[in-house]
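# Commentary on secondary and tertiary structure
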Amino acid sequence: QQLIAACADGDLYVWDLTKGVSRGNLSGHKGEVFAVVRVGDRYIASAGDDSTIRIWNYKKLRFIRQLVGHQGIIYALESHDTRIYSAGDDKRIRIWDTQNWCLIDEIWGDIGVILALKLNFKGDYLICGGKSKSVKIWDVKTKRTIDLAEGHFGEIRCIDCLHNGSIVTASADFTAKVWHMNLSSFQIPWEDLHENIASMCLNGGRNQILAGDGKGKLQIWDENLQMVEANLDSHKNAITKIASSPGGKNVATSSSDKTVRIWDLDGRQVIRELRGHRSMITCLRFSNSGGQLLSGSSDKTVRVWRVSTGVSLGNLMGHTEAITSVAYSSDDKSIFSASRDQTIRIWTVDGYEELIVLHSHSHYVNSISYDPWRQRLASAS
């Protein structure tokens, strides 16, 4: 129920998610804060530019103590049980005891500057990555290197672990990779992706991953990350967005060629081509029934399409800048649109009339998402 935001001004901001309000801020760092991690039920640890780790009681908004030992910027923190793991510029992973708040061990070697740390769910393996462009796995108990994987062409900035044991890495080379880990080796379960992958989408109805590349081709992987279909010709230009219908039978793709195409995945063929936008299409969303499709464009309009016929049912005009995101309410009776004009607009499906304009952001609204259970709309800018 709490969210902690670490900021470039050196402060941490604590938010109460149940009320949507800030509880206060934690001040003390001298410089940017790059990492924050929860430690037990009451504490958080933060680190950054000033080479220190600060421990806070986030429930009472109180500073507890400072941990010193690193020589340089600390980019990454991780915590498990009674341990905190920290790493950064000085190319060492330091291990701290959270009962006595003291340094108890170090890991070093041919690591390079570390930008990301992540423990697996059991807490027995530590995965790190950074400017060396490689991923290393360490056995926490023995501090021995389990394996080293290479594949990125830029520094690794983020690492996460999936429940099935796979590892996800994101890099400055504009790619994300999924790795399968066993105790002795890494394997890349996907075929090598094109370097110019432009868009991706999860097809939850069929447990598939869909990707569109810069040449207008669509690729499909199954839940085991095995290639199902490669290089389906979709558009003449880069695929900018992909959306899947509920159930996953139909998929919509859009392109800088100003068109939307609807696919029947069973037949692996395009069944509808939708034309009407005057500029690049920036977002797509199927209705919850799957019978309609929304498309937003740089031409400042949102169009509503009937999937079965490809007929345009409405053209929503009112935004003064490019559309960035669209959504349906859970009953499909309302449409939400966000734009670079800093507004969110709500429209009725009955007549496609504008109901209200929300002026809540002071910059571009990049994304919106509707929560069908609580009937709330979230927006990010």
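Residues numbered from 1 in each chain as written. Predicted model: local features only at pLDDT ≥ 70, side-chain atom pairs only at ≥ 80, totals over all residues. Heavy atoms only, no water.

## A look at the overall build of the protein chain
- Each helix and strand in the protein chain was counted, giving zero helices and 37 strands.
- Along the three orthogonal principal directions, the C-alpha set of the protein chain runs to about 65 × 45 × 30 Å.
- Classification of the 381 residues of the protein chain by burial places 48% in the buried group.
- Counting only contacts in the protein chain whose residues sit at least 6 apart along the sequence, the fraction spanning at least 24 positions is 33%.
- Carbon and sulfur atoms form 46% of the exposed surface of the protein chain, whose accessible area is close to 18800 Å².
- The protein chain carries 45 positive and 43 negative side-chain charges, and their two centres are separated by 3 Å. (Helix = DSSP H or I, 4+ residues; strand = E, 2+ residues; numbered from the N terminus. Buried < 20%, exposed > 50% of the residue type's maximum accessible area, 1.4 Å probe, protein only. Contact = heavy atoms within 4.5 Å. Areas by Shrake-Rupley, 256 points an atom, 1.4 Å probe, with all protein chains shown as cover. Lys, Arg positive; Asp, Glu negative; His and termini not counted. Charge placed at Lys NZ, Arg CZ, Asp CG, Glu CD.)

## Re the nonpolar core
- If you look at the biggest cluster of nonpolar residues, it comprises 14 residues, and the most contacted ones within it are V39, A45, I53, I55, L77, I84 and W101.
- Listing elements by their share of this core, those giving two or more residues are β4 (33–39), β5 (43–48), β6 (52–57) and β8 (74–80).
- In contact with W101, other than residues within four places in its own chain, are V39, Y43, I55, I64, R65, L67 and I84.
- Counting residues in each nonpolar core, the second largest holds 13 residues, with A76, I95, I107 and L117 among its members. (Core = buried A, V, L, I, M, F, W, Y, C linked by side-chain atoms within 4.5 Å.)

## Observations regarding the pairing of strand β1 (residues 2–6)
- Bridge count for β1 against strand β2 (residues 12–16) is five bridges, and the pairing is antiparallel. For A6, the partnering residue across the bridge sits in β2 and is L12.
- Between β1 and β2, which pair antiparallel and follow one another directly, the connecting turn spans five residues, one of which, G10, has a positive phi of 90 degrees. (Pairing = 2+ DSSP bridges.)

## Topic: the sheet that holds β2
- Ordered by their spatial adjacency, three strands build an open sheet running β1-β2-β3, and the pairing between neighbours is antiparallel. At either end of the open sheet lies a strand with only one pairing partner, and these are β1 and β3 (21–26). Averaged over all neighbouring strand pairs, the angle between strand axes comes to 25 degrees, with direction disregarded.
- In this sheet, β3 lies alongside β2 in antiparallel orientation, the contact comprising five bridges. Bridge pairing links W15 to S22 in β3. (Axes fitted to C-alpha atoms, helices over the stretch in contact; angles between N-to-C directions.)

## Comments concerning unusual backbone geometry
- Positive phi values are uncommon outside glycine, yet W101 reaches one of about 50 degrees.
- If you trace the backbone, W101 turns up in the loop between β10 (92–97) and β11 (102–108).
- A positive phi angle, close to 55 degrees, is found at Y352, a residue other than glycine.
- Within the secondary structure, Y352 sits in the loop between β34 (344–348) and β35 (354–358).

## What to know about a positive patch on the surface
- On the surface, R42, K59, K60 and R62 cluster together to form a positively charged patch.
- Assignment of secondary structure puts R62 in strand β7 (residues 62–68). (Patch = residues over 30% accessible without salt bridge, like charges linked within 9 Å, V, L, I, M, F, W, Y side chains within 5 Å. Salt bridge = Lys/Arg side-chain N within 4 Å of Asp/Glu carboxyl O.)

## Observations regarding the side chain of N57
- Here N57 lies in strand β6.
- The buried category is assigned to N57, whose relative accessible area is 6%.
- Here K59 takes part through its backbone nitrogen, which lies 3.1 Å from a polar atom of the side chain of N57.
- Residues contacting N57, with those up to four places away along its chain left out, are R42, Y43, R62 and I64. (Polar contact = N/O pair within 3.5 Å; in protein donor to acceptor, adjacent residues only side chain to side chain.)

## Comments concerning the sheet that holds β5
- Overall, antiparallel pairing links the four strands, which are arranged β4-β5-β6-β7 in an open sheet. Here the strands that pair on one side only, and so sit at the sheet edges, are β4 and β7. Shown here is a sheet whose adjacent strand axes are inclined to one another by a mean of 20 degrees, direction ignored.
- As paired strands, β6 and β7 are joined by six bridges and run antiparallel to one another. Pairing of R54 across the sheet is with Q66, part of β7.

## Here we look at the environment of D50
- With respect to the helices, strands and loops of the structure, D50 is situated in the loop between β5 and β6.
- Those residues in contact with D50, other than ones at most four positions away along the chain, are H29 and K30.
- Within the local environment of D50, its side chain forms a polar contact with the side chain of H29, the two groups lying 3.0 Å apart.
- There is a polar contact of 3.0 Å between the side chain of D50 and the backbone nitrogen of K30.

## So, the pattern of salt bridges
- Taken as a whole and judged by the stated rule, the model has 14 salt bridges.
- The salt bridge involving E78 is made with K118; its shortest N-O contact spans 3.9 Å. One end of the pair, E78, is in strand β8; the other, K118, is in strand β12 (residues 114–119), and 40 residues separate them in sequence.
- Given the relative accessible area of 9%, E78 is considered buried.
- Accessibility expressed as a relative area gives 24% for K118, which makes it partly exposed.
- Across the salt bridge formed by R261 and E273, the nearest N and O atoms sit 2.8 Å from each other. Of the two residues, R261 sits in strand β26 (residues 259–264) while E273 sits in strand β27 (residues 269–275), which places them twelve residues apart along the sequence.
- On the basis of relative accessibility, which here comes to 18%, the residue R261 falls in the buried class.
- Look at E273 and you get partly exposed, because its relative accessible area is 37%.
- What you see here is one network of salt bridges that share partners, running through D90, R92, R94 and E106.

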